[in-house]
Amino acid sequence: MSEAKFPNQPADGLAAVVALRRLADQLEDAAVEQAMRAGWSWPQVAEALGVTRQAVHKKHAKRLIAAGVRLRRR
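Description of the structure in this document. (Residues numbered from 1 in each chain as written. Predicted model: local features only at pLDDT ≥ 70, side-chain atom pairs only at ≥ 80, totals over all residues. Heavy atoms only, no water.)

## A short note on the overall build of the chain
Item 1. Helix and strand counts for the chain stand at three helices and zero strands.
Item 2. Beginning at the N terminus, the succession of helices and strands in the chain can be written as α-α-α.
Item 3. In terms of overall size, the chain is more extended than a compact globule, its C-alpha atoms giving a radius of gyration of 16 Å where 74 residues would be expected to give roughly 11 Å.
Item 4. Referenced to the eigenvectors of the C-alpha coordinate spread, the extents of the chain come out at roughly 50 × 30 × 20 Å.
Item 5. Across the 74 residues in the chain, those meeting the buried criterion constitute 18%. (Helix = DSSP H or I, 4+ residues; strand = E, 2+ residues; numbered from the N terminus. Rg over C-alpha atoms; globule rule 2.2 N^0.38 Å. Buried < 20%, exposed > 50% of the residue type's maximum accessible area, 1.4 Å probe, protein only.)

## Quick notes on the packing of helix α2 (residues 42–49) against helix α3 (residues 53–66)
Item 1. In contact at an axis separation of 9 Å, α2 and α3 are set at 115 degrees when each is read in the N-to-C sense. Classified by the interaxial angle, the pair formed by α2 and α3 is roughly perpendicular. Helix-helix and strand crossings are classified by hand; for α2 and α3 the assignment is right-handed. On the side of α2, the interface is formed by Trp42, Pro43, Val45, Ala46 and Leu49, while α3 contributes Arg53, Val56, His57, His60, Ala61 and Leu64.
Item 2. Its residues assigned to classes, the contact of α2 with α3 comprises eight nonpolar, two polar and one charged. (Axes fitted to C-alpha atoms, helices over the stretch in contact; angles between N-to-C directions. Parallel < 35°, antiparallel > 145°, perpendicular 65-115°, else oblique. Left-handed = near helix turned anticlockwise from the far one by under 90°. Contact = heavy atoms within 4.5 Å. Nonpolar A, V, L, I, M, F, W, Y, C, P; charged D, E, K, R; others polar.)

## Regarding α2
Item 1. If you check which residues of α2 are buried, you get Trp42, Val45 and Ala46. In an axial view of α2, the angular spread of the buried residues amounts to 100 degrees, which keeps them on one side of the axis. Opposite the packed face of α2, turned more than 90 degrees from it, sit the exposed residues Glu47 and Ala48.
Item 2. Following α2 by one or two positions, Gly50 has its phi on the positive side, about 75 degrees. (Arc of directions from axis to C-beta.)

## Overview of the pattern of salt bridges
Item 1. On inspection of all chains with the given rule, the structure shows five salt bridges.
Item 2. Between Lys59 and Glu28 there is a salt bridge whose closest N-O contact spans 3.3 Å. With Lys59 in helix α3 and Glu28 in helix α1 (residues 10–37), this residue pair connects regions lying 31 residues apart in the sequence.
Item 3. Looking at Lys59, the relative accessible area reads 46%, which means it is partly exposed.
Item 4. A salt bridge links Arg63 to Asp29, with the shortest nitrogen-to-oxygen separation between them at 3.8 Å. Taken together, the residues span a long stretch of sequence, with Arg63 in helix α3 and Asp29 in helix α1 at a distance of 34 residues.
Item 5. With a relative accessible area of 25%, Asp29 lands in the partly exposed category.
Item 6. Each of Asp29, Glu33, Arg37 and Arg63 takes part in one network of salt bridges that share partners. (Salt bridge = Lys/Arg side-chain N within 4 Å of Asp/Glu carboxyl O.)

In structure tokens, the structure reads:
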């Protein structure tokens, strides 16, 4: 396997990091919403993401409620 080529300019490398973080956030939002719509609990989602239940709830609850997702208590 060939080694990934890193951009020559620091600004290009940093811009790539920002773009990847935004993409990762979008993917997480979609996956969490899908899991919650499928009936997963906060602890299940948290375990899958490797974070605490409190962390995933704090990050996603308001957005999910606004999107009309019915949330489980546990």
